[in-house]
Amino acid sequence: MAESKTFNAIIELTALFYHRPGAGAADEEVAAWYQAKGRLYERLADHGGPEAAQERACAAASYEHARRLFAS
């Protein structure tokens, strides 16, 4: 999959870590964070490799968690 921007997993993981919602954050904020986490896992899986299936499963779990939070 060709991307217009270079993907740097370390930078993306660091950004996700530093933007993690704190205790007491609104469900919408937490759900948005889980969506971002899902996108990161999808991008990692798109690069292939032996962990791609696990990364896709983690993406799906993150999206499902976000969906449940948005629904509550």
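Data block above holds the structure.
Here goes a summary of the coordinates provided. What you see is a predicted model, and the numbers here were worked out from it, not measured in a lab. (Residues numbered from 1 in each chain as written. Predicted model: local features only at pLDDT ≥ 70, side-chain atom pairs only at ≥ 80, totals over all residues. Heavy atoms only, no water.)

### Section: the overall build of the protein
Step number 1: Broken down by element type, the protein carries 3 helices and 0 strands.
Step number 2: When the helices and strands of the protein are placed in sequence order, the string is α-α-α.
Step number 3: C-alpha extents for the protein along the principal axes are approximately 35 × 20 × 20 Å.
Step number 4: When the 72 residues of the protein are sorted by exposure, 24% land in the buried category.
Step number 5: As presented, the protein carries roughly 5,100 Å² of accessible surface, and 56% of it is formed by carbon and sulfur atoms. (Helix = DSSP H or I, 4+ residues; strand = E, 2+ residues; numbered from the N terminus. Buried < 20%, exposed > 50% of the residue type's maximum accessible area, 1.4 Å probe, protein only. Areas by Shrake-Rupley, 256 points an atom, 1.4 Å probe, with all protein chains shown as cover.)

### Some remarks on the packing of helix α1 (residues 9-18) against helix α2 (residues 27-46)
Step number 1: Closest axis-to-axis distance for the α1/α2 pair is 11 Å, and the angle between their directions is 165 degrees. Of the possible angle classes, the one that applies to α1 and α2 is roughly antiparallel. You can see that α1 and α2 cross each other, and the crossing is left-handed. In this structure, α1 uses A9, E12, L13 and L16 to contact α2, whose residues at the interface are W33, A36, K37, L40, R43 and L44. (Axes fitted to C-alpha atoms, helices over the stretch in contact; angles between N-to-C directions. Parallel < 35°, antiparallel > 145°, perpendicular 65-115°, else oblique. Left-handed = near helix turned anticlockwise from the far one by under 90°. Contact = heavy atoms within 4.5 Å.)

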